[in-house]
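Listed here are the chains, written in short residue letters.
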Amino acid sequence: MTQVPFEHGLLVAAILFGIGLIGLLARRNLLFLLMSIEILLNAAGLAFVVAASRWGQADGQVMFIFILVMAAAEVSVGLALVLQIHHALKTLDSDAVSQLRG
Amino acid sequence: MTAVSSTGFYVFSGVAIFATLLVVAQRSAVHALLYLIVSFLAIGGVLFVLGAPFVAALEVIIYAGAIMVLFVFVTMMVSPGSEASPAEARWGLLRALAGPASIGCVLVWELVQVLSAAPGVALSGNVVSPKEVAAALFGTYVLGVELASMLLLSGLVGAYHLGRRMLYRDREAS
């Protein structure tokens, strides 16, 4: 059993963050945007836990729990907004909601 | 000091990255959700291997369970509009991804450069037990717990309010 370098853990978190960022920038569907945000938050939490494992402290895991709470609150409001937008505009294209008028 | 199981770490990480790539590349939201659940389960495995069993359980229960159930419900309700938008179909996913992906590759390359220049440190893999996490959570970070509870309450009220307005509009229309 060989040891995993600290950098590899951070690299995995960075790759996941990059994939989420690409999804956030490239996709137009509002549901995919929300999923990409979940991937981004998850990658950030993974980086915290990797750091917690590096130092053997619990603080990183506490930060992961806070990120989890924030993601849960964000996704509930975000999905309610998605329902509203779909109800009003009959589409989930993010280009359709770029007008900012009733 | 126990070392992190390297095979488990790399297998779980590979599955997580592969599944996350498939999430972003899917056309249908339901297929993307299935891959996203796989991705969250794999990240839960990574967390477990890294010596964080409590957080790994939270990842599976809350991310792969609760949050994904919300997504599945909303995807069911908006199902006809959840296919790829006309703009995506016109551009083609690869062309749309080319710009962000190339910029992202530069970032990843730079990150690899910076990280490989740093002195190597192995992950300890010491298991941080739920007891220690709870002691830190309700000791040092107890103010954060209060703030998190207020955030959850505001999220609850906000989601309820947004959902309620839609019901009212339905009633007025009928």
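It should be emphasised that the depicted structure is a prediction, and the values quoted were computed from it without experimental measurement. (Residues numbered from 1 in each chain as written. Chains lettered and ligands numbered in written order. Predicted model: local features only at pLDDT ≥ 70, side-chain atom pairs only at ≥ 80, totals over all residues. Heavy atoms only, no water.)

The helix and strand tally for chain B stands at 7 helices and 0 strands. The N-to-C order of helical and strand elements in chain B reads α-α-α-α-α-α-α. Summed over its atoms, the accessible surface of chain B is roughly 9,900 Å², and 74% of this surface lies on carbon and sulfur atoms. (Helix = DSSP H or I, 4+ residues; strand = E, 2+ residues; numbered from the N terminus. Areas by Shrake-Rupley, 256 points an atom, 1.4 Å probe, with all protein chains shown as cover.)

Turning our eyes to something else, we now look at the side chain of B:E59. Among the secondary structure elements, B:E59 is positioned in helix α3 (residues 53-77). Despite being buried, B:E59 has no salt bridge partner; A:R27 is the closest side chain of opposite charge, sitting 20 Å away. A distance of 2.9 Å separates the side chain of B:E59 from the side chain of A:N42, its partner in a polar contact. Not counting chain neighbours up to four residues away, the residues in contact with B:E59 comprise A:N42, A:F64, B:F40, B:I43, B:G44, B:L47 and B:A64. (Buried < 20%, exposed > 50% of the residue type's maximum accessible area, 1.4 Å probe, protein only. Lys, Arg positive; Asp, Glu negative; His and termini not counted. Salt bridge = Lys/Arg side-chain N within 4 Å of Asp/Glu carboxyl O. Polar contact = N/O pair within 3.5 Å; in protein donor to acceptor, adjacent residues only side chain to side chain. Contact = heavy atoms within 4.5 Å.)

Running from N to C, helix α2 (residues 30-55) of chain A and α3(B) point in directions that differ by 175 degrees, and their axes come no closer than 12 Å. Looking at the two axes, α2(A) sits roughly antiparallel to α3(B). Residue-level inspection shows A:L31, A:L34, A:M35, A:E38, A:L41, A:N42 and A:V49 of α2(A) in contact with α3(B), the latter providing B:V55, B:E59, B:Y63, B:I67, B:F71, B:V74 and B:T75. (Axes fitted to C-alpha atoms, helices over the stretch in contact; angles between N-to-C directions. Parallel < 35°, antiparallel > 145°, perpendicular 65-115°, else oblique.)

This part takes up the packing of aromatic side chains. How two aromatic rings sit relative to each other is given by the distance of their centres and the angle of their planes. The tally for this structure, following the rule as stated, stands at 3 aromatic pairs over all chains. Relative to B:Y63, the ring of B:F40 has its centre 4.8 Å away and its plane inclined at 40 degrees; by these criteria the two rings are tilted. Here the residue B:F40 occupies a position in helix α2 (residues 29-49), and B:Y63 occupies one in helix α3, the gap between them amounting to 23 residues. Grouping residues by exposure puts B:F40 and B:Y63 together as buried. Geometry around A:F32 places A:R27 over its ring, the cationic atom sitting 3.9 Å from the centre. We note A:R54 situated over the ring of A:W55; from NZ or CZ to the ring centre the distance is 3.9 Å. (Phe/Tyr/Trp six-rings, centres within 6.5 Å; stacked < 30°, edge-to-face > 60°. Lys NZ or Arg CZ within 6 Å of the ring centre and 35° of its normal.)

By size, the foremost hydrophobic cluster in this structure holds 64 residues, and its most contacted members are A:L31, A:M35, A:L46, B:L47, B:Y63 and B:F71. Residues lining this core come from more than one domain, with at least three contributed by each of domain 1 (3-127) and domain 2 (128-174) of chain B. (Core = buried A, V, L, I, M, F, W, Y, C linked by side-chain atoms within 4.5 Å. Domains from an automatic or database assignment.)

Moving on: a nonpolar patch on the surface. All names here are of chain B. Taken together, the side chains of F138, V142, L143, L147 and M150 define a hydrophobic patch exposed on the protein surface, amounting to about 540 Å² of accessible area. Here the element with the most residues in the nonpolar patch is helix α7 (residues 142-173); it accounts for 4 residues. Mapped onto the elements of the fold, F138 is located in helix α6 (residues 130-138). On the accessibility criterion, F138 (55% relative accessible area) is exposed. (Patch = residues over 30% accessible without salt bridge, like charges linked within 9 Å, V, L, I, M, F, W, Y side chains within 5 Å.)

Between the first and last C-alpha of α3(B) there are 35 Å, a value that for 25 residues agrees with the 36 Å anticipated at 1.5 Å per step. At B:M68, α3(B) shows its strongest bend, of approximately 35 degrees. Every buried residue belonging to α3(B) is among B:V55, B:A56, B:L58, B:E59, B:Y63, B:A64, B:I67, B:M68, B:F71, B:V74 and B:T75, and all of these are buried. Turning to α3(B), the residues buried within the fold contact α2 and α3 (59-89) of chain A together with α2 of chain B. (Expected span 1.5 Å × (residues − 1). Bend = angle between axes of the 7 residues up to and from the residue.)

In this section: the domain arrangement of chain B. Frequently, the measure chosen for interface size is the accessible area that the parts lose on association. Residues and elements named next belong to chain B. Under the domain assignment, chain B is made up of domain 1 (3-127) and domain 2 (128-174). Contact residues are listed per partner, giving 5 residues for domain 1 and 5 residues for domain 2. Area buried by domain 1 at its contact with domain 2 is led by P53, F54 and V127, which between them contribute 75% of it. Seen at the junction of domain 1 and domain 2, the total is 0 salt bridges. Between domain 1 and domain 2 we count 1 residue pair in polar contact (both at pLDDT 80 or more) in total. Across the side of domain 1 that touches domain 2, the residue classes break down as 3 nonpolar, 2 polar and no charged. (Buried area = accessible area lost by both parts, 1.4 Å probe. Nonpolar A, V, L, I, M, F, W, Y, C, P; charged D, E, K, R; others polar.)

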